[in-house]
4 protein chains.
Amino acid sequence: MNQDIYIGILGAHSCDESIAEIAETTGSLIANSSAILVCGGKGGVMEAACRGSRDAGGTTIGILPGNDPEEGNPYLTYRILTGLGEGRNMIIIRSVDAAIAISGSYGTLSEIALCLRAGVPVVSLKSWDIPGMELITDSPEKAVELVIKKAKEKNE
Amino acid sequence: MNQDIYIGILGAHSCDESIAEIAETTGSLIANSSAILVCGGKGGVMEAACRGSRDAGGTTIGILPGNDPEEGNPYLTYRILTGLGEGRNMIIIRSVDAAIAISGSYGTLSEIALCLRAGVPVVSLKSWDIPGMELITDSPEKAVELVIKKAKEKNE
Amino acid sequence: MNQDIYIGILGAHSCDESIAEIAETTGSLIANSSAILVCGGKGGVMEAACRGSRDAGGTTIGILPGNDPEEGNPYLTYRILTGLGEGRNMIIIRSVDAAIAISGSYGTLSEIALCLRAGVPVVSLKSWDIPGMELITDSPEKAVELVIKKAKEKNE
Amino acid sequence: MNQDIYIGILGAHSCDESIAEIAETTGSLIANSSAILVCGGKGGVMEAACRGSRDAGGTTIGILPGNDPEEGNPYLTYRILTGLGEGRNMIIIRSVDAAIAISGSYGTLSEIALCLRAGVPVVSLKSWDIPGMELITDSPEKAVELVIKKAKEKNE
């Protein structure tokens with residue numbers, strides 16, 4: 001098995017411009033860390049993060065809720081079609097070494113809780129503040145630095 | 001289709017005695033309301049609530065995470081074996097008209113968030129306090145009264 | 001854990017009248033054996049079998065593919081909403097002690113194969129003829145007699 | 001969305017040497033066609049096909065049944081951890097444009113049936129002979145040529 005690092009991006013399928021910028025920067029920093037970005041594959045935070053990763057030469061994998069490749073955003077290197085609806089979030093959490101939650105509402109909260117439950121380190125970047133999260137920050141640089149560190153520790 | 005009401009009980013598979021008493025009372029009140037209790041089918045809060053329901057003549061359905069009927073608690077009228085692990089929580093939330101979260105940690109938080117995401121009314125009985133929950137209370141009577149009211153409104 | 005027997009009915013969501021009659025008789029024989037009938041909860045073979053069971057005083061559980069209770073047939077005692085699409089077939093197979101496949105096409109074939117893979121005894125009643133199936137018959141009486149015997153052996 | 005072709009390899013997690021050779025050749029031909037190979041990520045037919053693809057410079061994605069990256073074979077470019085057990089087969093079928101079944105037993109049969117049900121073209125390479133399969137052959141060259149043709153037709 002190769003030793004690639006998989007980082008999850010958790011966030012809503014629509015977001016305002018300032019959150020999209022943060023997500024895009026986060027995606028490019030993940031690519032610069034040579035980590036694979038895994039997300040739900042749709043729009044909003046997910047699309048912005050994927051765009052940032054791809055523009056920086058990174059790889060993105062979208063775990064889509066439905067059966068239609070067209071529902072994926074244009075910045076996915078690969079897409080998996082699950083047909084599980086929101087149940088696909090469990091697969092994202094199982095597949096990553098650590099995750100960053102960016103903004104988001106109840107869907108993101110459930111993903112954060114699944115991470116905390118499963119022992120997957122999760123950083124909050126302008127997102128929920130739940131006891132057990134690794135860091136509450138508004139800096140993509142700090143968030144990515146910590147998430148990569150946690151992912152490496154988990155894989156050792 | 002019959003018009004039965006399905007109420008979810010969300011909570012941890014182990015709990016202390018005082019929480020078990022609250023869960024048992026809650027289960028018996030659900031049975032007295034002629035509602036079907038749906039839960040993850042295991043121990044702790046789930047087992048106590050099922051015991052309360054069965055002792056009061058109610059029906060309980062356990063949506064188990066694994067493949068082994070033996071992992072179900074002894075107070076299940078029916079058990080479904082999903083093999084989905086924690087992914088079975090999604091099926092509980094999809095199957096109920098409303099839910100009560102009793103105490104609990106990250107697993108319960110993820111179930112609460114899935115309810116809020118899916119528009120399933122959820123009452124907090126000594127559990128998490130997340131914006132959007134129907135009621136934060138320590139009274140099983142108030143919790144069951146409200147959850148039944150919300151379930152009926154949803155079914156109308 | 002109680003010692004109820006769970007029997008799966010595998011078949012298509014539409015069928016002709018002669019198959020519906022066979023399914024209905026099968027359902028009533030399952031009820032007469034005091035076994036719980038589990039199926040995909042929709043029309044055709046599933047609906048006919050559920051009608052037979054309910055008319056004979058039996059209990060039926062429908063494991064539905066979607067999120068809508070209305071997609072269940074009117075003869076379900078209980079319904080579980082999975083949101084998993086065809087993936088719900090895996091839950092049916094995991095939840096039963098043995099199964100009868102009635103007629104059917106590729107969906108039924110995949111359920112039969114899942115049974116054979118999982119070691120769940122499966123009887124063919126005018127259905128596919130795959131090596132490893134317990135019996136190929138056109139008699140509901142023979143099919144139910146054998147499926148109950150196999151289910152009891154499995155539970156011992 | 002990019003226009004990559006995703007080809008599924010369906011087969012058992014153990015196999016004899018002659019089947020492994022066929023699977024390996026099949027994998028290398030898929031890579032030579034610039035298609036992405038998707039499989040269950042484990043040993044046997046899956047491992048041999050992945051080895052063939054990687055040696056030819058191709059990309060392989062393993063959709064694993066469990067939660068442990070170590071259960072993946074060493075020839076996966078990317079691995080997704082589903083925790084769904086055999087339920088992960090549904091995700092493979094949903095994610096591919098067409099598939100080749102190589103040898104195999106009941107697990108492979110259920111995957112073939114899921115393909116036929118979902119309208120995913122499936123070629124039998126020394127595997128089951130079920131009405132509706134695209135071709136029954138013992139030639140990897142013929143199998144890959146047809147599966148790529150069918151995948152392209154499906155994507156048009």
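A. Broad picture of the overall build of chain A. Looking only at helices and strands, one finds 5 helices and 7 strands in chain A. Its helices and strands in sequence order give chain A the pattern β-α-β-α-β-β-α-β-α-β-β-α, from N to C terminus. Since a compact globule built from 156 residues should have a radius of gyration of about 15 Å, the 14 Å found for chain A is in line with a globular shape. Taking the principal axes of its C-alpha atoms as reference, chain A extends roughly 40 × 35 × 30 Å. Within chain A, buried positions represent 63% of all 156 residues.

B. Fine view of the interface of chain B and chain C. If you look at the interface, chain B gives 26 residues, while chain C gives 26 residues. Counting each side, the surface lost to burial between chain B and chain C is near 2300 Å², with a carbon and sulfur contribution of 55%. Our enumeration of links across chain B and chain C arrives at 0 salt bridges. For the pair chain B and chain C, the interface holds 10 residue pairs in polar contact (both at pLDDT 80 or more). If you list the elements that add at least two residues to the side of chain B that touches chain C, you get strand S3 (60–64), strand S4 (78–81) and helix H3 (88–95) of chain B. At 4 residues, the largest contribution of residues to the side of chain B that touches chain C is made by S4(B).

C. Expanded view of the interface of chain D and chain A. The partner chain A presents 26 residues to the 26 residues of chain D that form the contact. At the boundary of chain D with chain A, total buried surface from both sides reaches about 2300 Å², with 55% on carbon and sulfur atoms. Applying the counting rule to chain D against chain A returns 0 salt bridges. Applying the counting rule to chain D against chain A returns 10 residue pairs in polar contact (both at pLDDT 80 or more). Here the element with the most residues in the side of chain D that touches chain A is strand S4 (residues 78–81) of chain D; it accounts for 4 residues. A breakdown of the residues in the side of chain D that touches chain A according to their chemical character gives 13 nonpolar, 9 polar and 4 charged.

Criteria and cut-off values
- Residues numbered from 1 in each chain as written.
- Chains lettered and ligands numbered in written order.
- Predicted model: local features only at pLDDT ≥ 70, side-chain atom pairs only at ≥ 80, totals over all residues.
- Heavy atoms only, no water.
- Helix = DSSP H or I, 4+ residues; strand = E, 2+ residues; numbered from the N terminus.
- Rg over C-alpha atoms; globule rule 2.2 N^0.38 Å.
- Buried < 20%, exposed > 50% of the residue type's maximum accessible area, 1.4 Å probe, protein only.
- Contact = heavy atoms within 4.5 Å.
- Buried area = accessible area lost by both parts, 1.4 Å probe.
- Salt bridge = Lys/Arg side-chain N within 4 Å of Asp/Glu carboxyl O.
- Polar contact = N/O pair within 3.5 Å; in protein donor to acceptor, adjacent residues only side chain to side chain.
- Nonpolar A, V, L, I, M, F, W, Y, C, P; charged D, E, K, R; others polar.

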